[in-house]
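Chain by chain, the residues:
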Amino acid sequence: MNRNRNPLVITAAILVALGALVAYFSGFYIDWLWFKSVDFTTVWSTVLVTKIQLFLIVGLITSLVISLNIFLAYKRRPLYVPTSIEISGLERLRAQVEPIRQWVFLGIVLALAYFGGTSGMVFWREWMLFKNSTDFGVKDPQFGLDISFFAFRLPMWQAIIGWAISTLVLATLASAFIHYMYGGIRTQVQTDRTTVAARVQISVLLGLIVLLKAVAYWFDRYALALKESRLITGLTYTDVNATLPAKAILSAIAVVCAVLFFANIIRRSWLLPAAGTALLVVSSVLIAGIYPGAIQQFQVKPSESSKEAPYIQRNIDATRAAYDLNDVVMQDYNATLSTSAGQLAKDAATIANIRLMDPNVLSATFRQLQQIKPYYTFPESLDVDRYTVNGVSRDAVVAVRELNIDGNPSRNWINDHLVYTHGFGFVAAYGNQVDADGKPNFLVGDLPPTKGLGTFQPRVYFGENVPDYSIIGGKKSNAPVEFDYPDDTSANGQKNYTYTGQGGVPVGSTINKLLFAIKYGEQRILLSNLINADSKILYNRSPRERVAKVAPWLTLDGDPYPAIVDGKITWIIDGYTTSAGYPYSRSTSLATATNDALTANSASITAQSNRAVNYIRNSVKATVDAYDGSVTLYQWDTKDPVLQTWMKAFPNTVKPKSSISKGLLEHIRFPEDMFRVQRDILSSYHVKSSAAFYGGQDFWRVPRDPSTFGANAGAQPPYYMTVQMPGSATPAFSLTTPFVPRGGRENLSAFAAVNSTAGPDYGKITVLQLPRSTNIAGPSQVASNFEAKPEVANALSLLRQGGSDVVLGNLLTLPVGNGLLYVQPVYVRATGNSSAYPLLQKVLVSFGDVIGFDSSLKGALDQVFGGNSGTISTSANPITSNSSADVASALQSAKQAIADGQAALAKGDFAAYGRAQDRLKAAIAAAVAAQSRK
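Predicted, not measured: the structure shown is a model, and the values here were computed from it.

Caption draft 1: A look at the overall build of the protein chain. From N to C terminus, the protein chain includes 28 helices and 31 strands. With respect to the three principal axes, the spread of C-alpha positions in the protein chain is 120 × 85 × 50 Å. A separation threshold of at least 6 residues defines the contact pool for the protein chain, and within that pool the share at least 24 residues apart is 69%. Positive and negative charge centroids in the protein chain, built from 82 and 67 side chains respectively, lie 8 Å apart.

So this is what it looks like as structure tokens:
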């Protein structure tokens, strides 16, 4: 029976092993099929070949070095060892190992090769950067080396040195153990504790380790340019005058110490190597520890600002260059607090584009008005873009109507993966228009889509909310399987469809069916008769995931956004090249720098990883076709050496900037995460003087988001809007942010906007710096003032009663009227109805110390600016008004001006009283003018 059972056991074991191998290697094949479907197989093969090369080279060398030393230690074992208690214990160990010694040695060789090779594969990115290094054309100020040495070559040299030292340490320990095991090292005898062979072998290994330590000390000198200290990044006064020479001295001492170990080959005493090692340890404590500490304490600290001034300046210059802040335009902005009639007349372009639709509030509104069916959905946070309508560029809140499998009442495998395969449609609402009820005014929507933006392919097979896989296509027939969209004119109330795009991986063959059945653990892939020879399978469908796979060297923005480009729904994803090797540049954590109230609370925005960088460029614009899933990478920053290096590593994967179509250029925008990082750095590094930087009195911070409360309130996110900055000839679609002083106060310090319109000014950051002597309220203070104003508080209180709730939208800051205008939309949502959604009902505005609150933006502005803000109602402008309303608004402004004047007199504030009288006169004039128009 045992003889009959053995073949069965062996057969079963073979089958299990084969099954495991098939499951393991099928992943490679399935991955290759995916890369083939997007025409990026060179990326797959380049990464795989590089990893295999590193695995073989590092694994074989690691195994060879350690195994060879084990073999030599065994071969040079003493033939006779005197008997002792210690030797007797080792004899029993040898007796157990000896029968299987060759197998143990083979296992060690293979294990070392595997673990060494696996550790080497991790450094494939560093190796490719090292091999394809491109010069920055800029030299560091201390060593005179091109920045590329620190960014591309130093990390690889440090990795090689660390690996070599680790390998030799393991070889030394393994050799010592073998010598000890076979009597070459005897710890319990008084003399000749090591044999000649053991002494020579271990001396050579220790000498090589110390020699490599000398090399490591030398490279540590360069690493000081990247060192983070309390004050700055890079070398400080102490580093240059104490640590730097100390590292060079320690390197020389280590060389001497290595020579002493090598000399021990012909000597029979460990005294000199031990003395050399002791000298190295004592020197590292004295020269590299105590001496720099003394320099810092007695020379630097008494006059730190002057001693560190040149090094602080290096840090400022390098940081601004590394984060692309050298061309930031700083403007003094003497913002006024006073208001007068017609004050906004010169800012008509900005006022006409004030975005009242908050993309982070309107998701529920989009779902209720445009979701149509429960198996569709919209993301939690919508996107902001712009479209040309009737020759005028209009800001729009946009989203894709994606598939929501969880909302389908008929869940089963066929419906989930073969029938409900795609979303349908693109929805866009004007950023500054609503109907009489406060609903968004949709530029395009419904099913099938309206033609507000022309004709486009509406089907969304690739998006942010799709099934993990769908099987589509197949033979065309009169009875398509895929659900397309609901249609009342059809007999069964729906339109069906058969996919005709180029996307997807063929799944019709038996082998492919089998492999995908194994991958997804689903036998019906193999058995279903709905899957035929022409069927395809879609997987890895998220736009961000697709770009990450074809460009694993990119850091991607957390918020891909959709746009209609050349008749297609196209996902646009911004790609960043980063480095942690720019000398003297301040290091920042991507997770920390990009964290704000939006990224922390929105499930539809991917947070950045907690990775430290000190160089970043928005070097790539990537697109993913929502219908066929094709991925395209475009070079955006043509001067970025990091991108140029990766383009050499992966040739022909990134298209030139000139290939970007006009339609795509119209929807390119400056990325949010890039701006978040830049504003975080700019909050300190707008200061260009080393003395001012050391003092730190003029540092800024991003204000807390007024919509969140408490000590843990997140930072206010940046906002897209069309704004005409002071001194600019035309308005531009921009990404904006305010700044407040660092240190607790909430008054406004500065306002920054980056041009997000593709063209010569794209990426230009303009900062309006407010006078330090003027107390301009910041966003949090303005939000508090809104709630503190009795008329506003009472109105909001009434809106919050009777089964309703108030939702405050984004608080926008705009530099208009020679001052700062704040605008905040107020939405109302019913609380007793699960299908309720926010509707725009009121608008809050503030300028100086005056607040306006009305059902229209124009009405609120007129209240602030003496009954006539200078704005004009047009068909493209949401600022609706009529003569009766203008009269009422002017009278309300007059009443408020009288009240403010009396309050100013009571306080003895005659300046405020004078401003109130000016507003009263303007309000009366506006009321008379409005009355005459009746």
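Structure shown, so let's carry the discussion forward.
Caption draft 2: Structural view of unusual backbone geometry. Leu447 connects to Pro448 through a cis peptide bond whose omega is -15 degrees. Structurally, Pro448 is set in the loop between strand 8 (440-444) and strand 9 (459-460). Positioned with a positive phi, Asn540 is a non-glycine residue whose angle comes to about 50 degrees. Inspection of the secondary structure puts Asn540 in the loop between strand 14 (535-539) and helix 17 (543-550). The phi dihedral of Asn818 is positive, around 60 degrees, even though this residue is not glycine. If you trace the backbone, Asn818 turns up in the loop between strand 28 (812-816) and strand 29 (819-830). Taking the relative accessible area as the measure of exposure, Asn818 reaches 60% and is therefore exposed.

Caption draft 3: Here's a closer look at the packing of helix 2 (residues 41-75) against helix 4 (residues 101-121). Where helix 2 contacts helix 4, the axes come no closer than 7 Å and their chain directions differ by 145 degrees. Seen from above, helix 2 lies across helix 4 with right-handed handedness. Counted together, Lys51, Leu54, Phe55, Val58, Gly59, Thr62, Ser63, Ile66, Ser67, Ile70, Phe71 and Tyr74 of helix 2 and Arg101, Phe105, Ile108, Val109, Leu112, Ala113, Tyr114, Gly116, Gly117, Thr118, Gly120 and Met121 of helix 4 form the full contact between these two elements. Split into classes, the residues belonging to the contact of helix 2 with helix 4 amount to 14 nonpolar, eight polar and two charged.

Caption draft 4: Spotlight on helix 20 (residues 641-649). Along helix 20, the residues classified as buried are Pro641, Val642, Leu643, Thr645, Trp646 and Ala649. Of the residues flanking the start of helix 20, the one acting as N-cap is Asp640, its side-chain oxygen 3.2 Å from the backbone nitrogen of Val642.

Caption draft 5: Spatial organisation of the sheet that holds strand 10 (residues 469-473). Pairing is antiparallel in the open sheet, where three strands are placed in the order 10-14-13. Edge positions in the sheet fall to strand 10 and strand 13 (505-506), since each of these pairs with one other strand and no more. Direction of pairing for strand 10 relative to strand 14: antiparallel, over a ladder of five bridges. Looking at strand 14, one finds that Ser470 is bridged to Leu538. The strands touched by helix 15 (residues 510-520) within the sheet are strand 10, strand 13 and strand 14, with strand 14 carrying the most contacts at an inclination of about 30 degrees.

Caption draft 6: Quick look at the nonpolar core. Grouped together as the largest cluster of nonpolar side chains are 133 residues, with contacts concentrated most on Phe426 and Leu633. Counting residues per element, this core draws most heavily on helix 6 (residues 147-181), at eight residues. Beyond its immediate sequence surroundings of up to four residues, Phe426 is in contact with Tyr387, Val398, Ala399, Val400, Val444, Gly445, Leu453, Phe456, Pro562, Ala563, Ile564 and Ile569.

Caption draft 7: Spotlight on helix 13 (residues 363-370). Along helix 13, the positions that sit buried rather than exposed are Ser363, Ala364, Thr365, Phe366 and Gln370. The inward-facing, buried residues of helix 13 abut strand 4 (392-400), strand 7 (426-434) and strand 8.

Caption draft 8: Representation of the sheet that holds strand 4. Pairing within the open sheet is antiparallel, and its four strands lie in the order 3-4-7-8. Bordering the open sheet on either side are strand 3 (383-389) and strand 8, each of which pairs with just one other strand. Within the sheet, the average angular offset between the axes of one strand and its neighbour, ignoring direction, is 45 degrees. Direction of pairing for strand 7 relative to strand 8: antiparallel, over a ladder of three bridges. Considered in strand 8, the bridge of Val434 is made with Pro440. Contacts from helix 13 reach strand 4, strand 7 and strand 8 within the one sheet, and its direction differs from that of strand 8 by about 65 degrees.

Caption draft 9: Local environment of the side chain of Glu308. With respect to the helices and strands, the residue Glu308 is situated in the loop between helix 10 (304-307) and helix 11 (309-322). At 3.0 Å, the side chain of Glu308 and the backbone nitrogen of Tyr237 are in polar contact. Once residues within four sequence positions are removed from consideration, Glu308 is found in contact with Leu231, Thr236, Tyr237, Gln296 and Val300.

Caption draft 10: Local environment of the confidence of the model for the protein chain. On average, residues of the protein chain score 89 in pLDDT, and 93% of them reach the 70 mark or higher. The low-confidence segment residues 874-882, where pLDDT is below 50, has 22 contacts with residues more than four positions distant or belonging to other chains.

Caption draft 11: Up close: the packing of aromatic side chains. Evaluated as defined, the whole model comprises 41 aromatic pairs. Ring centres of Tyr461 and Tyr499 lie 4.6 Å apart, and the angle between their planes is 65 degrees; on these two criteria the pair is classed as edge-to-face. You can see Tyr461 sitting in the loop between strand 9 and strand 10 and its partner Tyr499 sitting in the loop between strand 12 (494-497) and strand 13, a full 38 residues away along the chain. Tyr499 matches Tyr461 in its accessibility class, with the two residues each being buried. With 5.0 Å between their ring centres and 45 degrees between their planes, Tyr499 and Tyr627 make a pair best called tilted.

Caption draft 12: Fine view of the environment of Val845. One can find Val845 in strand 30 (residues 839-847). C-alpha separation for the pair Val845 and Gln824, spaced 21 residues apart in sequence, amounts to 6.4 Å. Setting aside chain neighbours within four positions, we find Val845 in contact with Phe786, Leu821, Tyr822, Val823, Val850, Ile851, Gly852, Leu857, Ala860, Leu861 and Val864.

Caption draft 13: Summary view of the side chain of Thr236. Position of Thr236 among the secondary structure elements: in the loop between helix 7 (196-223) and helix 8 (237-263). Look at Thr236 and you get buried, because its relative accessible area is 9%. Beyond its immediate chain neighbours, meaning those up to four positions away, Thr236 contacts Ser229, Glu308 and Tyr311.

Caption draft 14: Representation of the pairing of strand 11 (residues 482-486) within the structure. Here strand 11 lies mainly inside the structure; five of its five residues are buried. Relative to strand 12, strand 11 runs antiparallel, the two sharing four bridges. Across the sheet, the residue bridging to Phe483 is Asn496, located in strand 12.

Caption draft 15: The pattern of salt bridges, seen in detail. The tally for this structure, following the rule as stated, stands at 29 salt bridges. One salt bridge connects Asp437 with Lys439, and the closest N-O pair in it is separated by 3.2 Å. Since its relative accessible area comes to 44%, Asp437 is described here as partly exposed. Residue Lys439 is classed as partly exposed on the basis of its relative accessible area, which comes to 21%. For Asp487, the salt bridge is made with Lys495, and the minimal N-O distance between the two is 4.0 Å. A single network of salt bridges, built from pairs that share partners, joins Asp383, Asp559, Arg669 and Glu672.

What counts as what
- Residue numbering note: each chain is counted from 1, following its sequence as written.
- pLDDT decides what is reported in this predicted model: residues at 70 or higher carry local features, side-chain atom pairs at 80 or more are listed and counted, and totals for whole chains, interfaces and linings draw on all residues regardless.
- Excluding hydrogens and water, the side-chain figures rest on all heavy atoms present in the structure.
- Each helix corresponds to a stretch of at least 4 residues labelled H or I by DSSP, and each strand to a stretch of at least 2 residues labelled E; elements are numbered beginning at the N terminus.
- Residues are treated as being in contact if the distance between any of their heavy atoms lies within 4.5 Å.
- Working convention for charge: Lys and Arg count positive, Asp and Glu count negative, and His plus the chain ends are omitted.
- Charged side chains are reduced to one point each, which is NZ for Lys, CZ for Arg, CG for Asp and CD for Glu.
- When a residue's accessible area, from a 1.4 Å probe over protein chains only, is under 20% of the maximum for its type it is buried; when over 50% it is exposed; and in between it is partly exposed.
- Where helices are involved, their axes are fitted lines through C-alpha atoms of the stretch in contact, as for all axes, and angles between N-to-C directions lie from 0 to 180°.
- Left-handed is the label given to a crossing in which the near helix is rotated counterclockwise from the far helix by less than a right angle, and right-handed is the label when the rotation is clockwise.
- Residues are grouped as follows: nonpolar covers Ala, Val, Leu, Ile, Met, Phe, Trp, Tyr, Cys and Pro; charged covers Asp, Glu, Lys and Arg; every other residue, Gly included, is treated as polar.
- Polar contact is the term for a pair of N or O atoms within 3.5 Å; when the atoms are in protein, one must be able to donate a hydrogen and the other to accept it, and sequence-neighboring residues count only if both atoms are side-chain atoms.
- Note: two strands are recorded as paired if DSSP finds a minimum of 2 bridges between them.
- For the purposes of this section, nonpolar cores are sets of buried Ala, Val, Leu, Ile, Met, Phe, Trp, Tyr and Cys residues that join through side-chain atoms within 4.5 Å.
- Each residue carries a pLDDT score, the predictor's own confidence in it, on a scale running from 0 to 100.
- Centre distance within 6.5 Å is the pairing criterion for rings of Phe, Tyr and Trp, where only the six-membered ring of Trp is used; planes under 30 degrees apart are then read as stacked, over 60 as edge-to-face, and the remainder as tilted.
- Any Lys or Arg side-chain nitrogen located within 4 Å of an Asp or Glu carboxyl oxygen qualifies as a salt bridge.

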